[in-house]
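Coordinates in review
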Amino acid sequence: MYKVKEAGKNHYKIYHAEMDIEPQVTMENALRKGIERNELELYYQPQVSLENNKIVGVEALLRWIRPDQGMVPPCEFIPLAEETGLILPLGEWVLKEACLQSVKWGEQGILPIRIAVNISAIQFQQNNFIEKVTETLFETKANPENIELEITESVAMGSIEETLSKLQSLKEMGFHIAMDDFGTGYSSLQYLNQYPIDHLKIDRSFISSLHTSEKNVAIVKLIVLMAKGLNYKVIAEGVEDDSQKLFLRSIECDEYQGYLFSPPLNRLDTEVLLQKQLTKK
Ligand code: C2E
Ligand code: MG
Ligand code: MG
Ligand code: MG
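Residues numbered from 1 in each chain as written. Chains lettered and ligands numbered in written order. Predicted model: local features only at pLDDT ≥ 70, side-chain atom pairs only at ≥ 80, totals over all residues. Heavy atoms only, no water.

As recorded in an unreviewed UniProt entry, the chain goes by the name Bifunctional diguanylate cyclase/phosphodiesterase, listed as coming from Robertmurraya beringensis.

Written out as structure tokens, the structure is:
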């Protein structure tokens, strides 16, 4: 996964025993500098109502634009950031940036739409997570009603009571909560009826195999049905074609996200799209 050339020839020879570690250290340093040098940027992917095809939210997705290598996808640096603890400053930056953006879009009259922000389990499990979030709200003057925090099932790897109490605090502050990548983690149906969740996001892997797997058709139907019973809205991730969208609409899934409507876009392109929707009204 990591390019050998990054390690440098001499290092490669001297530290051959640590060959696997060295490039990772190089990347870690580059990421550390990248944060300082403003090489990180948020892209936004629309979340669309299946009822009326209107954009009701956007998910903020982190991009690292390396001067020498171009855009690095999050799957190549988020795991490293989680391993090294860099996810903490990175996650704080993302939340702050999304809050600032929601204030700006409010001033431009583009809101109300929610901005969804991915929260790493490591970030969520910090003892002072609620304090940090409160601080960010105070600093940015953002309205938490316009922000949705996306957590994954792995937050529940910590203590259920602690997770529950944190989610309740966030909910009381006014945030929306989404359970991301639903169906891929250590799902326990026990917590589902306890957590104050607004959205369940069905993982892309279920959607992309709808064509080929009758079993996944059954699973997706069941998730939507269950969510309705629990009073959660459902977002389907990774919708790439019309037949997937039609199926999701037929089973009354609420919203979708995917390349069919739009890939993640930079801020300017997102604004163009949101403005277009406003003038259509
Ligand atoms: P995720 O939160 O589940 O985000 C959805 C991913 O699916 C995004 O990948 C998005 O670009 C991709 N996607 C959306 N529609 C389609 C589609 O129709 N087809 C296909 N093939 N893919 C689609 P991305 O941006 O590469 O992000 C990957 C993951 O990295 C995210 O998965 C999330 O877990 C993590 N991530 C991204 N930004 C952040 C961040 O700011 N903080 C944290 N902690 N994690 C982040
Ligand atoms: Mg997400
Ligand atoms: Mg997801
Ligand atoms: Mg996913």
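1. Quick look at the coordination of the magnesium ion (ligand 2)
Taken together, Glu59 (OE), Asn118 (OD1), Glu150 (OE) and Asp180 (OD) make up the full set of protein donors to the magnesium ion (ligand 2), lying 2.0 to 2.2 Å away. Positions of the donor residues of the magnesium ion (ligand 2) along the chain correspond to the pattern E-x58-N-x31-E-x29-D. (Donors = N, O, S within 2.8 Å, 3.2 Å for Na, K, Ca; no water.)

2. What to know about the pairing of strand β6 (residues 176–182)
Within β6, 5 of the 7 residues are buried, leaving the element largely enclosed by the surrounding structure. When strand β5 (residues 147–152) meets β6, the two strands line up parallel, connected through 5 bridges. Its bridge partner lying in β6, glutamate 148 is registered against histidine 176. Note on the crossover from β5 through helix α7 (residues 160–173) to β6: the handedness is right-handed. (Buried < 20%, exposed > 50% of the residue type's maximum accessible area, 1.4 Å probe, protein only. Helix = DSSP H or I, 4+ residues; strand = E, 2+ residues; numbered from the N terminus. Pairing = 2+ DSSP bridges. Right-handed = clockwise from strand over helix to strand, strands pointing away.)

3. Overview of the coordination of the magnesium ion (ligand 3)
Bound to the magnesium ion (ligand 3) are the protein donor atoms Asp180 (OD), Asp181 (OD), Glu237 (OE) and Glu237 (OE), situated 1.8 to 2.7 Å from the metal. Considered as a linear motif, the donors of the magnesium ion (ligand 3) on their single chain read D-D-x55-E. Judged by its relative accessible area of 5%, aspartate 180 falls in the buried class. According to the relative accessible area criterion, aspartate 181 is partly exposed, its value standing at 25%.

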